[in-house]
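Here is how the chains run, residue by residue.
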Amino acid sequence: MAWVYEFSQGSKDQKDLLGGKGANLAEMTNLGLPVPPGFTISTETCRAYLAQSDDDASGAGGEPEGLAEEVTEHLARLEEAMGKKLGDADNPLLVSVRSGAKFSMPGMMETVLNVGLNDTSVGGLAARSESERFALDSYRRLLQMFGGTVLHVDSELFAEALDAAKDAKGTQSDLDLDADDLRGLVDSFKAIIKEQTGHDFPQDPREQLDLAIRAVFDSWNTDRARLYRRQERIPEDLGTAVNVQAMVFGNFGMDSGSGVAFTRDPASGEQGVYGDYLQNAQGEDVVAGIRNTVSLADMADIDQSSYDDLMQIMTRLERHYRDMCDIEFTVERGKLWMLQTRVGKRTPEAAFRIAVHMVDEGLIQMDEAVLRVTGDQLAQLMFPRFDETSERTLLATGMNASPGAAVGKAVFDSDTAVEWTERGEDVILVRKETNPDDLRGMVAARGILTSRGGKTSHAAVVARGMGVTCVCGAESLDVDTRGKQFTVRGGETVREGDVISIDGTTGEVFAGAVPVSDSVVVRHFEGEKLDDDLALAVSRIMAHADGARRLRVRTNADTPEDAARARRFGAQGIGLCRTEHMFLGERRELVEKLIVAEGEAGQDEALAALLPLQRQDFTEILEAMDGLPVTIRLLDPPLHEFLPDLTDLSVQVALAEERGESDERATTLLTHVRRLHEQNPMLGLRGVRLGIQIPGLFRMQARAIAEAAADRMEVHGTPRAEIMVPLVASVRELQIVRAQLEHEIAEVQESRGVKLDISIGTMIELPRAAFLADRIAKAADFFSFGTNDLTQMAWGFSRDDVEASFFSRYFEHGIFDVSPFESLDQLGVGGMVEMGTKKGRKTRSDLKVGVCGEHGGDPLSVHFFHRVGLDYVSCSPFRVPVARLEAGRAVLEKRASTS
């Protein structure tokens, strides 16, 4: 097995082996583009390295056998190609050492530039370049990056030393530091390394290279990298490749520079050329945002020849990849070099626009356009936007780096952002510029605001990838992170805890909380006629997804208003109508009468009072969903949930007794609350058990449903009611209750002279029901998997308790990378869904099967439900478009994989 590969040996299709960066460097090399030569150490090497490190009790070591020899062999070829030797005193070869995983993880892993410089070779570089300043600037960069990433020295120490050097010079720009200043800075950086590590900076160039390679491998398991993978659902076992590449220098002088470019606007998706360029700088300066960049249009005025070459290459790459490309480049003394390309991260808004634009340009077909957007992106487009009609106080305007509307309290460091968010506060993370160590705060914050950097800065790239609202480069803000405040040019000061609002679509920053309104996409789904290109793009994508999908999409709705809205959003019926919500408010007293009733006569009287109310509820919902199926779940929760709290009642009765008074109602209720009290209500008298214990309750609900259907038929409606019995574990339970329900339906049919087609099925939410689905199917017309409760039962979790108590530790240890209540546990709970479906259909081949937990609106879960053959999913109204899109994508993904 080879560990190391030349750039010329790979292609863009080898991301599993070479990582995304290595595969794309290989692709550009083979296209004949100007790429500095180099080699890639594979992801297999990283996995072997990490496996050996795990086996070593010290956590050190881990280098696979033969790796050092292969690196030596490929380094020799690189030296021959460049006509230089690594770290040579007279003509030194310098290399960059960069990470590159299969999936882009911007800024999460390590990069070291200028490897090979030392106290001797810096003189050779100065002589060859005829610029002592350039050579010393390159050396101080190596010391700073190597010290921070490889030797784990606090990067703030280097930043403070650099600031001190600039202060001594009386400047705010590192470009004003001359060779003598930089020589002193090199000495300061080396002293910091010696003081913090107890060792001198390594002068052996090969030792530098080997340590840098190990640091990149180790960076796969840093806290920020793990957090990013959890956030983006990237598998933990992929590992990263390492790319060793000959250095080209953007910091030679003002005829050199570095930049990042996009072939289309990554924020809006608009066609054109977008990006940032920074003269006399290396690539890390652009991404870090330490100096504000100029646009690519300005680059044309600086270096027309390099700009023209870049435009030609960008056009070629976009047509070759058939997608928007993100490109990193360097200009060295007027010569353009390509350092990286990849399919660019983009905002949800840009994703939809770019997909349909590329269809119109003939680059892709509609099938591929649908596969290039996701349900998560669609959900983000449905988030509210700022109300343009409201009064607003503008503080500043920066770059619209990642769209959305975010309101929160200003905080100035990552730890505070996490702490305040955990206590329920909405926060905006404000920084001069972000760095990878800010990731925890960026994930926690509602939005991100920086005073430096552009659309390609770390803050912008990471925020777009996560769908977090971001405004970058608001230059009129003087951000004081230590003082926990920022001052707007002109005088206004915003301190930690003050509320601000940021608009990632326009780049505007406002004082206070700005009201929000529905997004254009929600208005489109609501049926508003809009001449808006984003709404039109979404409409075209959704129409194609709907035409492709097999799964039907229903909604969870308990009111006519929710049902009507879901129908406008494309719902094809109701998969879960919860009847317990209909017993709250003023009707709670009627439920109290049912519970405290003495004997069947008392119960019948209470139920008779509830019947017309329930009938009206069902009539309105059947009207809202006329012609579409409406699955009504009979009462599920324990009856004591409709009574006052045990502790509150006990106190009320005790206080009355202390006053010598008698509160008969409270005393009676307390007696029944104590009677009904259960140690574990979730496993107690609820669901089907209620229907058996209090038969009149389910009979009343069945009659109300049947009468509502008859009422709708009388006015020429087309009701399609379905009755769902919850918490069934035994076929006998369902048979007993089904007989009650059928009796009531038959009586209504006879008395009203109509034929009612009301099917009766059950929720599968207990593991036993899944295992015995073949038996239960004998008494069921349909199954609907209640994956919320099924997840609780399968894991032994009480959702209300475990998410707050120990889920964070489970994430840290990789027990799961996403909450099983958020995305279906496909191996465990999913296994029961698949088994129950197969067993049920073995008994009844025409058994209709759906799912009605919130997993029905989760993109990954929708794909699973498609694969195992469910007929429909059901989710909340706002998730209906997401489920529709993902159901279509599930079909198209399968089609693409087999074509």
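Draft legend 1. Fine view of the overall build of the chain. Within the chain, the secondary structure is distributed over 36 helices and 33 strands. Its C-alpha atoms give the chain a radius of gyration of 32 Å, within 12% of the compact-globule value 29 Å for 899 residues. Here the C-alpha coordinates of the chain stretch approximately 105 × 70 × 60 Å along the principal axes. Out of the 899 residues in the chain, the part that is buried amounts to 56%. In the chain, 69% of the contacts between residues at least 6 apart in sequence involve partners at least 24 apart.

Draft legend 2. The arrangement of the pairing of strand β6 (residues 111–115) in detail. Among the five residues in β6, five count as buried, and that is most of the element. The pairing of strand β5 (residues 95–101) with β6 spans three bridges and is antiparallel. Bridged to Val 97 within β6 is Val 112.

Draft legend 3. Seen up close, helix α6 (residues 155–169). Compared with an ideal rise of 1.5 Å per residue, which puts 15 residues at 21 Å, α6 spans 22 Å between its outermost C-alpha atoms and is within 8% of the ideal. In this fold, the buried residues of α6 make contact with α5 (132–149) and α7 (179–197). Its side-chain oxygen 3.0 Å from the backbone nitrogen of Glu 156, Asp 154 forms the N-cap of α6. Following α6 by one or two positions, Gly 170 adopts a phi angle in the positive range, close to 75 degrees.

Draft legend 4. Structural view of the environment of Arg 214. For Arg 214, the position within the fold is in helix α8 (residues 205–218). Expressed as a C-alpha distance, the spacing of Arg 214 and Ala 624, which sit 410 residues apart in the sequence, is 63 Å.

Draft legend 5. Broad picture of the sheet that holds strand β2 (residues 38–41). The strand order across the open sheet built from five strands is β1-β2-β7-β5-β6, with neighbouring strands paired in antiparallel fashion. With one partner strand each, in any of the chains shown, β1 (4–6) and β6 form the two edges of the open sheet. For this sheet, the mean inter-axis angle between neighbouring strands, taken without regard to orientation, is 20 degrees. Contacts between helix α1 (residues 15–30) and the sheet are confined to β1, β2, β5 and β7 (240–246), with β5 contributing the most and set at about 125 degrees to the helix.

Draft legend 6. Quick peek at the packing of aromatic side chains. Under the counting rule described, the total for this entry stands at 25 aromatic pairs. By the ring-pair criterion, three or more aromatic residues cluster together here, those being Trp 795, Phe 797, Phe 806, Phe 807, Tyr 810, Phe 811, Phe 816 and Phe 821. The ring of Trp 337 carries Lys 335 above its face, with NZ or CZ at 5.1 Å from the centroid. In this arrangement the basic side chain of Arg 554 is found over the ring face of Tyr 872, its NZ or CZ atom lying 3.9 Å from the centre.

Draft legend 7. Molecular detail of the packing of helix α21 (residues 560–568) against helix α23 (residues 599–624). It is at 9 Å that the axes of α21 and α23 come closest, and there the two elements cross at 10 degrees. Between α21 and α23, the angle is such that the two are roughly parallel. Within the contact between the two elements, α21 uses Pro 560, Ala 563, Ala 564 and Arg 567 and α23 uses Glu 620, Ile 621 and Ala 624. For the contact of α21 with α23, the residue count by class is five nonpolar, no polar and two charged.

Draft legend 8. Looking closely at the nonpolar core. Among the nonpolar cores identified, the biggest contains 133 residues, and Phe 352, Ile 541 and Val 725 are the most heavily contacted of them. Ranked by the residues each element gives to this core, the list is headed by helix α27 (residues 695–714), at ten residues. If sequence neighbours within four positions are ignored, Phe 352 has contacts with Val 373, Thr 374, Gln 377, Leu 378, Leu 381, Leu 534, Ala 537, Val 538, Ile 541 and Leu 885. Counting 87 residues, the second largest nonpolar core, distinct from the first, contains Phe 39, Val 150, Ala 225 and Ile 234.

Draft legend 9. Focus on the sheet that holds strand β28 (residues 629–633). The sheet built from eight strands closes into a barrel, its strands ordered β26-β27-β28-β29-β30-β31-β32-β33 with parallel pairing. Direction aside, neighbouring strands of the sheet carry axes that sit 30 degrees apart on average. When strand β26 (residues 552–556) meets strand β27 (residues 574–578), the two strands line up parallel, connected through two bridges. Bridging across to β27, Asn 556 finds its partner in Leu 576. Helix α28 (residues 731–752) rests against β29 (720–725) and β30 (759–764) of the sheet, and its axis sits at about 150 degrees to β30.

Draft legend 10. Local environment of the pattern of salt bridges. All chains considered together, the criterion is met by 71 salt bridges. Among the salt bridges present, the one from Glu 79 reaches Lys 85, with a minimum N-O distance of 3.8 Å. Given the relative accessible area of 13%, Glu 79 is considered buried. Connected through salt bridges with shared partners, the residues Arg 615, Arg 699, Arg 703, Glu 707, Glu 744 and Glu 747 form a single ionic network.

Draft legend 11. Region of the structure containing a negative patch on the surface. The grouping of Glu 561, Asp 562, Glu 620 and Glu 623 at the surface amounts to a negative patch. Of all the elements in the fold, those that place two or more residues in the negative patch are α21 and α23. Position of Glu 623 among the secondary structure elements: in helix α23.

Draft legend 12. Structural detail: the side chain of Asp 174. Within the secondary structure, Asp 174 is located in the loop between α6 and α7. Look at Asp 174 and you get buried, because its relative accessible area is 7%.

Draft legend 13. Focus on the environment of Gly 62. With respect to the helices and strands, Gly 62 occurs in the loop between α2 (43–55) and α3 (67–82). Residues Gly 62 and Phe 217, spaced 155 residues apart in sequence, show a C-alpha to C-alpha distance of 9.9 Å.

Draft legend 14. Representation of unusual backbone geometry in the model. Backbone geometry at Arg 233 places phi at a positive 55 degrees, although glycine is not the residue there. Along the polypeptide, Arg 233 turns up in the loop between α9 (223–232) and β7. With relative accessibility at 27%, the residue Arg 233 sits in the partly exposed group. Look at Arg 333: it is not a glycine, yet its phi comes out positive at around 50 degrees. In this fold, Arg 333 is placed in the loop between β11 (325–332) and β12 (335–343).

Draft legend 15. Just the packing of α27 against α28, in detail. Two elements in contact, α27 and α28, have axes separated by 9 Å at closest approach and are oriented at 35 degrees. Classified by chirality, the crossing of α28 by α27 is right-handed. Here Pro 695, Phe 698, Arg 699, Ala 702, Arg 703, Ala 706, Glu 707, Ala 710, Asp 711 and Glu 714 of α27 come into contact with α28, specifically with Val 737, Gln 740, Leu 741, Glu 744, Ile 745, Glu 747, Val 748 and Arg 752. Looking at the contact of α27 with α28 residue by residue, the classes come out as nine nonpolar, one polar and eight charged.

Draft legend 16. Inspection of the state of the cysteines at higher detail. The full count for this structure, using the stated rule, is zero disulfides. Lacking any disulfide linkage, Cys 577 is separated from the closest cysteine sulfur, that of Cys 852, by 12 Å. Looking at Cys 577, the relative accessible area reads 0%, which means it is buried.

Draft legend 17. Region of interest: the side chain of Glu 318. Mapped onto the elements, Glu 318 comes out in helix α12 (residues 304–321). Glu 318 has contacts with Thr 263, Arg 264, Asp 323, Met 324, Cys 325 and Met 358, leaving out every residue within four places of it along the chain.

Draft legend 18. Summary view of α1. Between its first and last C-alpha, α1 extends only 15 Å over 16 residues, short of the 22 Å set by a 1.5 Å rise per residue. At Lys 21, α1 is bent by approximately 80 degrees, the largest bend along its length. By the criterion of burial, α1 is predominantly enclosed, with twelve of the 16 residues buried. Within α1 the residues assigned to the buried category are Leu 17, Leu 18, Gly 19, Gly 20, Lys 21, Gly 22, Ala 23, Asn 24, Leu 25, Ala 26, Glu 27 and Met 28. One or two steps after α1, the chain reaches Gly 32, where phi turns positive at roughly 85 degrees.

Draft legend 19. Representation of the environment of Asp 204 within the structure. As for its position among the elements, Asp 204 is in the loop between α7 and α8. On the basis of relative accessibility, which here comes to 41%, the residue Asp 204 falls in the partly exposed class. With 117 residues separating them along the chain, Asp 204 and Gly 87 place their C-alpha atoms 8.0 Å apart. Of the polar contacts made by the side chain of Asp 204, one reaches the backbone nitrogen of Arg 206; its length is 3.1 Å.

Conventions and cut-offs
Residues numbered from 1 in each chain as written. Predicted model: local features only at pLDDT ≥ 70, side-chain atom pairs only at ≥ 80, totals over all residues. Heavy atoms only, no water. Helix = DSSP H or I, 4+ residues; strand = E, 2+ residues; numbered from the N terminus. Rg over C-alpha atoms; globule rule 2.2 N^0.38 Å. Buried < 20%, exposed > 50% of the residue type's maximum accessible area, 1.4 Å probe, protein only. Contact = heavy atoms within 4.5 Å. Pairing = 2+ DSSP bridges. Expected span 1.5 Å × (residues − 1). Polar contact = N/O pair within 3.5 Å; in protein donor to acceptor, adjacent residues only side chain to side chain. Axes fitted to C-alpha atoms, helices over the stretch in contact; angles between N-to-C directions. Phe/Tyr/Trp six-rings, centres within 6.5 Å; stacked < 30°, edge-to-face > 60°. Lys NZ or Arg CZ within 6 Å of the ring centre and 35° of its normal. Parallel < 35°, antiparallel > 145°, perpendicular 65-115°, else oblique. Nonpolar A, V, L, I, M, F, W, Y, C, P; charged D, E, K, R; others polar. Core = buried A, V, L, I, M, F, W, Y, C linked by side-chain atoms within 4.5 Å. Salt bridge = Lys/Arg side-chain N within 4 Å of Asp/Glu carboxyl O. Patch = residues over 30% accessible without salt bridge, like charges linked within 9 Å, V, L, I, M, F, W, Y side chains within 5 Å. Areas by Shrake-Rupley, 256 points an atom, 1.4 Å probe, with all protein chains shown as cover. Lys, Arg positive; Asp, Glu negative; His and termini not counted. Charge placed at Lys NZ, Arg CZ, Asp CG, Glu CD. Left-handed = near helix turned anticlockwise from the far one by under 90°. Disulfide = S-S within 2.5 Å. Bend = angle between axes of the 7 residues up to and from the residue.

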